[in-house]
Amino acid sequence: MSLSPVAHKVIGVAAIWNDRQQILIDKRRQHGLHGGFWEFPGGKIEPGETIEACIEREIMEELGIVVEVGDRLITIDHDYTKFTVRLYVHHCRHISGEPQTIECDEIRWVTLDEIDQFTFPKANAQIIAALRKS
Ligand SMILES: Nc1nc2c([nH]c(=O)n2[C@H]2C[C@H](O)[C@@H](COP(=O)(O)OP(=O)(O)OP(=O)(O)O)O2)c(=O)[nH]1
Ligand SMILES: [Mg+2]
């Protein structure tokens, strides 16, 4: 008897703040997993890479902006049906550049009062709750 292996993704995730107490969210492209959902930008940690370096790199690749990576907000382990994820979420500060939709469909700066209007993957409920407490 063999069990089929479930993919595991380890992701660096950014809660990017501007100086107006807004957080950057992006809308994932329609195709693929979680297509059309909103998310906090980020992506897979490469072998040998620190979480901070991963977040800086992913944010430059996906949005073309420079951020300063700050403290860890929360670490979340979540099991989706097709794969499992560990999300390392860090507070970040927007340093320079105008966010561009390089790898996503839309970008918004939102306050925590506005964020419930957007649909996120399941695991994000915990991130948003942690943001409200932070
Ligand atoms: N970046 C990010 N990923 C999230 C969030 N919430 C959440 O559950 N995830 C999960 C769902 C995504 O499938 C996964 C990270 O996606 P990714 O962009 O690195 O990779 P992917 O699965 O879209 O694409 P692939 O490279 O596996 O083809 O983490 C979030 O807020 N931000
Ligand atoms: Mg990504």
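Residues numbered from 1 in each chain as written. Chains lettered and ligands numbered in written order. Predicted model: local features only at pLDDT ≥ 70, side-chain atom pairs only at ≥ 80, totals over all residues. Heavy atoms only, no water.

- In the annotation of an unreviewed UniProt entry, the chain is listed under the name 8-oxo-dGTP diphosphatase and assigned to Microcoleus asticus IPMA8.
- Turning to the chain, the UniProt annotation filed under Sequence similarities (unreviewed entry) states: "Belongs to the Nudix hydrolase family."
- Word for word, the UniProt comment on the chain under Catalytic activity (unreviewed entry) is "8-oxo-dGTP + H2O = 8-oxo-dGMP + diphosphate + H(+)". (UniProt positions renumbered as here; feature names shortened; annotations may be inferred.)

Topic: the pattern of salt bridges
Alright, step 1. The tally for this structure, following the rule as stated, stands at 9 salt bridges.
Alright, step 2. Among the ionic pairs, arginine 132 bridges to aspartate 116, the shortest N-O distance being 3.3 Å. Note that arginine 132 is positioned in helix H2 (residues 124-133) and aspartate 116 in the loop between strand S7 (106-110) and H2, a separation of 16 residues in sequence.
Alright, step 3. Given a relative accessible area of 56%, aspartate 116 falls into the exposed group.
Alright, step 4. Connected through shared salt-bridge partners, Glu46, Glu49, Arg57, Glu58 and Glu61 make up one network. (Salt bridge = Lys/Arg side-chain N within 4 Å of Asp/Glu carboxyl O. Helix = DSSP H or I, 4+ residues; strand = E, 2+ residues; numbered from the N terminus. Buried < 20%, exposed > 50% of the residue type's maximum accessible area, 1.4 Å probe, protein only.)

As for the site of ligand 1
Alright, step 1. Of all residues adjacent to ligand 1, which total 17 residues, the nearest are Lys9, Arg28, Phe40, Lys44 and Tyr80.
Alright, step 2. Between an oxygen atom of ligand 1 and a side-chain N or O atom of lysine 9, the distance comes to 2.2 Å.
Alright, step 3. Secondary-structure elements contributing two or more residues to the shell around ligand 1 are strand S1 (7-17), strand S4 (42-44) and strand S6 (83-96).
Alright, step 4. Considered class by class, the residues forming the shell around ligand 1 number 9 nonpolar, 4 polar and 4 charged. (Near = heavy atom within 4 Å. Polar contact = N/O pair within 3.5 Å; in protein donor to acceptor, adjacent residues only side chain to side chain. Nonpolar A, V, L, I, M, F, W, Y, C, P; charged D, E, K, R; others polar.)

Examining the coordination of the magnesium ion (ligand 2)
Alright, step 1. Surrounding the magnesium ion (ligand 2) are the protein donor atoms Gly42 (O) and Glu62 (OE), at 2.3 to 2.4 Å. Of the two residues, glycine 42 sits in strand S4 while glutamate 62 sits in helix H1 (residues 51-63), which places them 20 residues apart along the sequence. (Donors = N, O, S within 2.8 Å, 3.2 Å for Na, K, Ca; no water.)

Some remarks on the environment of glutamate 106
Alright, step 1. Along the chain, glutamate 106 turns up in strand S7.
Alright, step 2. Taking the relative accessible area as the measure of exposure, glutamate 106 reaches 28% and is therefore partly exposed.
Alright, step 3. In sequence terms glutamate 106 and isoleucine 25 are 81 residues apart; their C-alpha atoms lie 8.5 Å from each other.
Alright, step 4. If sequence neighbours within four positions are ignored, glutamate 106 has contacts with Ile25, Asp26, Lys27, Trp38 and Thr101.
Alright, step 5. Side chain to side chain, glutamate 106 and arginine 108 meet in a polar contact 3.1 Å long. (Contact = heavy atoms within 4.5 Å.)

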